[in-house]
Amino acid sequence: MKKIWLALAGMILAFSVSAAQFKDGKEFVTLEKPVAGEPQVLEFFSFYCPHCYQFEEVLHVSDTVKKKLPEGTKMTKYHVEFLGPLGKDLTQAWAVAMALGVEDKITAPMFEAVQKTQTVQNVADIRKVFIDAGVKAEEYDAAWNSFVVKSLVAQQEKAAADLQLQGVPAIFVNGKYQLNPQGMDTSNMDVFVQQYADVTKFLVEKK
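Criteria and cut-off values
- Residues numbered from 1 in each chain as written.
- Predicted model: local features only at pLDDT ≥ 70, side-chain atom pairs only at ≥ 80, totals over all residues.
- Heavy atoms only, no water.
- Helix = DSSP H or I, 4+ residues; strand = E, 2+ residues; numbered from the N terminus.
- Contact = heavy atoms within 4.5 Å.
- Buried < 20%, exposed > 50% of the residue type's maximum accessible area, 1.4 Å probe, protein only.
- Arc of directions from axis to C-beta.
- Salt bridge = Lys/Arg side-chain N within 4 Å of Asp/Glu carboxyl O.
- Axes fitted to C-alpha atoms, helices over the stretch in contact; angles between N-to-C directions.
- Parallel < 35°, antiparallel > 145°, perpendicular 65-115°, else oblique.
- Left-handed = near helix turned anticlockwise from the far one by under 90°.
- Nonpolar A, V, L, I, M, F, W, Y, C, P; charged D, E, K, R; others polar.
- Polar contact = N/O pair within 3.5 Å; in protein donor to acceptor, adjacent residues only side chain to side chain.
- Pairing = 2+ DSSP bridges.

(A) Examining the side chain of threonine 200 more closely. As for its placement among the helices and strands, threonine 200 is situated in helix H9 (residues 189-205). Apart from the residues lying within four places of it in its own chain, the contact partners of threonine 200 are Val41, Val65, Leu69, Val173 and Leu179.

In structure tokens, the structure reads:
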């Protein structure tokens, strides 16, 4: 029995040491001006961003982070408009996806259409990705210029401005911390993804 308790104590100690290794200025940075009212875990991305594509479709960073988050923690994704010729339109399209609750349906095919097949060249092409993904044309059209979608576009733009977003992909926690991938272990991608998720969890729980 004593051995079991010693083993458990060792595991707890190992976890504490691991968590303590996450340092401000290395794996994450504390924002100079915290922003109140932002989603608990907020990820910014762009369908034009190659690294965002890698994070989402190859490394599955977002999925790994979601699985590691404490129960009840919400992860929100916002699209940025400062990349690519259709950046603003894709931000509006992402607002449509949020309004209709079809983010999971749209993410992969939109990344493929923008970056791989390059079949998204105008607003009609964006609409086609939604329709091909199973969204009803009339629902998409009704949402496109709706008050809800306009509000969600403004929300995405305001958050990027308030948090002084410099680039994507980027994750902010509680409007106070930003993850710093450059400070993490990139020698092994599996280790990097796990560390990215662990740091996010650590910051969510950080008081």
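(B) Quick look at helix H3 (residues 61-68). All of the buried residues along H3 are Val61, Ser62, Thr64 and Val65. For H3, the buried positions fall inside an angular range of 165 degrees around the axis, keeping them on one side. Lining the buried residues of H3 we find strand S2 (41-45), helix H2 (50-58), strand S3 (75-79) and H9.

(C) Up close: the pattern of salt bridges. What the rule picks out here adds up to nine salt bridges. Notably, a salt bridge pairs lysine 77 with glutamate 56, separated by 2.3 Å at the nearest N-O pair. Linking lysine 77 in strand S3 with glutamate 56 in helix H2, this pair joins segments that are 21 residues apart in sequence. On the basis of relative accessible area, lysine 77 is assigned to the buried category, the value being 14%. Residue glutamate 56 is classed as buried on the basis of its relative accessible area of 15%. Overlapping salt bridges, with partners in common, bring together Glu81, Lys88 and Glu157 in one network.

(D) Structural detail: the packing of helix H5 (residues 103-116) against helix H6 (residues 123-132). Running from amino to carboxyl end, H5 crosses H6 at an angle of 140 degrees, the nearest separation of the two axes being 10 Å. As summarised for this structure, H5 and H6 are arranged oblique, according to the angle between their axes. Of the two elements, H5 crosses H6, and the hand of that crossing is right-handed. Residues Ile106, Pro109, Met110 and Ala113 of H5 pack against Ile126, Val129 and Phe130 of H6. Across the contact of H5 with H6, the residue classes break down as seven nonpolar, no polar and no charged.

(E) Summary view of the side chain of glutamine 195. Mapping glutamine 195 onto the fold places it in helix H9. At a separation of 2.8 Å, a polar atom in the side chain of glutamine 195 contacts the main-chain amide nitrogen of aspartate 185.

(F) Spotlight on the sheet that holds strand S5 (residues 177-179). Ordered in space as S1-S5-S4-S2-S3, the five strands form an open sheet in which the pairing is mixed. Of all the strands in the sheet, just strand S1 (28-30) and S3 have a single pairing partner and so form its edges. Adjacent strand axes in the sheet meet at a mean angle of 25 degrees, parallel and antiparallel pairs treated alike. Pairing of S1 with S5 involves three bridges; the strand directions are antiparallel. From the neighbouring strand, phenylalanine 28 faces S5, where its bridge partner is leucine 179.

(G) Representation of the environment of valine 114 within the structure. On the secondary structure map, valine 114 appears in helix H5. Residue valine 114 is classed as buried on the basis of its relative accessible area of 10%. C-alpha separation for the pair valine 114 and isoleucine 126, spaced twelve residues apart in sequence, amounts to 9.0 Å. Contact partners of valine 114, with chain neighbours within four places excluded, come to Phe47, Tyr48, Leu90 and Val120.

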